[in-house]
Amino acid sequence: MSNPDQIQRIMFDELDIRGVVSGLQKTCHDCFENHDYPTAIKKVLGEMLAAVSLLSSNLKFEGRLILQAQGQGNVRLLMAESNQDRDVRAIARFDGEIPADASFSDLLPEGQVVLTIEPDKGNRYQGVVPLDGKTLAKCLENYFISSEQLPTQVHLASDGEAAAGMLLQVLPAEGTGEEDWDRISHLASTLKSSELLELGNETLLYRLFHEEQCRLYEPDDVQFKCTCSRERSLASLKLVEKAELLDVIAESGMVNVNCQFCNAHYGFDLTDIEALFSDATSATGSKNVH
Ligand SMILES: [Zn+2]
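Reading guide: rules and limits
Residue positions are counted from 1 within each chain, in the order its sequence is given. In view of the model being predicted, local features appear only for residues whose pLDDT reaches at least 70, and side-chain atom pairs are presented and counted only at 80 or more, with totals across whole chains, interfaces and linings using the full set of residues. Derived side-chain values reflect all non-hydrogen atoms in the structure, with water molecules and hydrogen atoms excluded from consideration. Each salt bridge in this description consists of a side-chain nitrogen of Lys or Arg and a carboxyl oxygen of Asp or Glu lying within 4 Å of one another. The helix count covers DSSP runs of H or I at least four residues long, the strand count covers runs of E at least two residues long, and both are numbered beginning at the N terminus. Any residue under 20% of the maximum accessible area for its type is buried, any over 50% is exposed, and the rest in between are partly exposed; the area is computed with a 1.4 Å probe on protein chains only. Take the residue count of a helix, subtract one, and multiply by 1.5 Å to get its expected span. Working rule for contacts: check all heavy atoms of both residues, and any pair within 4.5 Å makes them a contact. Two strands qualify as a pair provided that DSSP identifies no fewer than 2 bridges between them. Fitted lines through C-alpha atoms serve as axes, helices being fitted only where they are in contact, and the angles separating the N-to-C directions of these axes extend from 0 to 180 degrees.

> For this particular structure, what's the right way to read the pattern of salt bridges?
It is possible for side chains bearing opposite charge to pair when their charged atoms get close. In the structure shown here, the tally under the stated rule is 13 salt bridges. Residues Glu195 and Arg207 are paired through a salt bridge, measuring 2.7 Å at the closest nitrogen-oxygen approach. With Glu195 in helix H6 (residues 193-198) and Arg207 in helix H7 (residues 201-209), the pair connects residues that are 12 residues apart, well separated along the chain. With a relative accessible area of 27%, Arg207 lands in the partly exposed category. Each of Arg64, Glu81, Arg89, Glu118 and Arg124 takes part in one network of salt bridges that share partners.

Written out as structure tokens, the structure reads:
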């Protein structure tokens, strides 16, 4: 496959085009292992993970990039996110039977894809990607062309166990070189999903662009890493009525919160809940319950 669990930028000498290729193997395994996902869900989530890892290569600040897909069918939510260090995670919410051969558009009838960029400091940006392409890759291409006027080509592939992706995009600079883009995008359009999953990055580059002046940058690692924490789990309980939480504690002694991404378990006792709803912001002195 593309170099597993790495992203690698592609540099075209003297062309205003950027490229990046990503491969996820252990990352997919780690994202999926705590969940009993049907194959079709794993394939689409794999593509979404590959997509956020590609898009994170352009994050120029500390923060998160989140891709969410919602539809009116059995699949309520698919979500994948990456931070600037390419720590990625993903989640799916669905009901009932999911056919093994269901495609992205089958899974999300009347759906939409939302791309959120959330800096740790500064304003959140959100763009809605209409689900007007048959594939996630087509949706993202349409998004970049319509909202940012940047000719873009996206390839995503996933077999449910591993995923890979490639993104090529005109740099938002002088806007020169339409012929260059036509040539490069034409060459890349011959890429097959099987090649993306099976070929290493050097081979892939040679296969597509051996007549071009281009090379690969040093790779960066991609990994599954959940950003949940005890503090954030406790803070999320602020959305619940205090009386309701006190009832739970009266009944079972603890309020238990499970992280939906990594299954980490956080338990909160009366002291924690009192502290949460008082002015005190810290919840020290309490312990993790496993
Ligand atoms: Zn977690």
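> Would you mind going over helix H2 (residues 39-56) with me for this structure?
Think of an α-helix as 3.6 residues a turn; residues three or four steps apart then line up on the same face. Helix length check: H2 (18 residues) gives 25 Å between terminal C-alpha atoms against 26 Å at 1.5 Å per residue, within 8%. Of all 18 residues making up H2, 15 are buried, and the element is well covered by its neighbours.

> How should I be thinking about the side chain of Ser233 in this particular structure?
The topology assignment puts Ser233 in helix H8 (residues 230-236). Beyond its immediate stretch of four places on either side in the chain, Ser233 contacts Val257, Tyr266 and Phe268.

> In this structure, what is going on with helix H4 (residues 136-148)? I would like to understand it.
Helix length check: H4 (13 residues) gives 17 Å between terminal C-alpha atoms against 18 Å at 1.5 Å per residue, within 8%. Within H4, burial applies to Leu136, Ala137, Cys139, Leu140, Glu141, Tyr143 and Phe144.

> How should I be thinking about the environment of Leu239 in this particular structure?
With respect to the helices and strands, the residue Leu239 is situated in the loop between H8 and helix H9 (242-252). Given a relative accessible area of 80%, Leu239 falls into the exposed group. Separated by 35 residues in the primary sequence, Leu239 and Leu204 place their C-alpha atoms 48 Å from one another.

> How do you make sense of the sheet that holds strand E6 (residues 112-119) when you look at a structure like this?
For sheets, the rule is that strands pair by backbone hydrogen bonds, running either parallel or antiparallel. What the six strands build is an open sheet, ordered E7-E6-E3-E4-E5-E12; its pairing is mixed. Since the sheet does not close on itself, it has two edges, and those belong to strand E7 (125-130) and strand E12 (223-224), each with one partner. The pairing of strand E5 (residues 87-94) with E12 spans two bridges and is parallel. Paired with Val88 across the two strands is Phe224, which belongs to E12. Its contacts with the sheet put H2 on strand E3 (63-70), strand E4 (75-83), E5 and E6, and the angle it makes with E4 is roughly 30 degrees. Contacts from H4 reach E3, E6 and E7, with the element oriented near 120 degrees to E7.

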